[in-house]
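Here is how the chains run, residue by residue.
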Amino acid sequence: MEAITSRALLLAAVGRATRHAGQTTLYLTPMHAAKATLMLLIANIRAALSHVKTVAEQSPTADRWKALLDYIVAKIIPRRPKKLLEPVPSWPSDCRF
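We now turn to the structure provided with this report. (Residues numbered from 1 in each chain as written. Predicted model: local features only at pLDDT ≥ 70, side-chain atom pairs only at ≥ 80, totals over all residues. Heavy atoms only, no water.)

### Describing the overall build of the protein
Secondary structure summary: the protein contains three helices and two strands in total. In the protein, the succession of α and β elements from N to C terminus is α-β-β-α-α. Put simply, the protein has 97 residues, and 12% of those count as buried. When contacts within the protein are restricted to residue pairs at least 6 apart in sequence, long-range pairs at least 24 apart make up 23% of them. With the model as given, the accessible surface of the protein reaches about 9,200 Å², and the carbon-plus-sulfur share is 61%. (Helix = DSSP H or I, 4+ residues; strand = E, 2+ residues; numbered from the N terminus. Buried < 20%, exposed > 50% of the residue type's maximum accessible area, 1.4 Å probe, protein only. Contact = heavy atoms within 4.5 Å. Areas by Shrake-Rupley, 256 points an atom, 1.4 Å probe, with all protein chains shown as cover.)

Shown next, in the form of structure tokens:
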């Protein structure tokens, strides 16, 4: 989404952070009319952060940022199937280079 329109949408929520056993959990309650869209955006952010947590938990900060950006780019740009190489026609047995 465009930053100008999505920023206001993401700011229209009441949040509460709780800490327990060394983990911080953020609870968001959307207050915007586009609640369904907002919930999808939050779910996408959560999926990206969960991916980074599982893939690069022990990595340095720079590697975690790279893992997050790789995840985002993979979601934006679809992967193209690799083209199979065409078989090379067989050369006559008397052909020499």
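Now that the structure is up, let's keep going.
### Structural notes on the packing of helix α2 (residues 35-55) against helix α3 (residues 61-76)
Two quantities define a packed helix pair, namely the angle between the axes and the distance from one axis to the other. One can describe the packing of α2 onto α3 by two numbers: an axis separation of 9 Å at closest approach and a directional angle of 135°. If you check the angle between α2 and α3, you find them oblique. The chirality of how α2 crosses α3 is right-handed. The residues of α3 that touch α2, namely those facing A47, A48, H51 and V52, are R64, A67, L68 and Y71. Among the residues forming the contact of α2 with α3, the class breakdown is six nonpolar, one polar and one charged. (Axes fitted to C-alpha atoms, helices over the stretch in contact; angles between N-to-C directions. Parallel < 35°, antiparallel > 145°, perpendicular 65-115°, else oblique. Left-handed = near helix turned anticlockwise from the far one by under 90°. Nonpolar A, V, L, I, M, F, W, Y, C, P; charged D, E, K, R; others polar.)

### Examining the nonpolar core
Within the largest apolar cluster, six residues are counted, these being A48, V52, A56, A67, L68 and Y71. The dominant element in this core, judged by the number of residues it contributes, is α3, at three residues. In contact with A48, other than residues within four places in its own chain, are L68 and Y71. (Core = buried A, V, L, I, M, F, W, Y, C linked by side-chain atoms within 4.5 Å.)

### Quick look at the pairing of strand β1 (residues 13-20)
Burial runs low along β1: only zero of the eight residues are buried. Pairing geometry for β1 and strand β2 (residues 23-30), over eight bridges, is antiparallel. Considered in β2, the bridge of A13 is made with P30. In sequence, β1 turns back onto β2 through a hairpin of two residues, with A21 there showing a positive phi of about 55°. (Pairing = 2+ DSSP bridges.)

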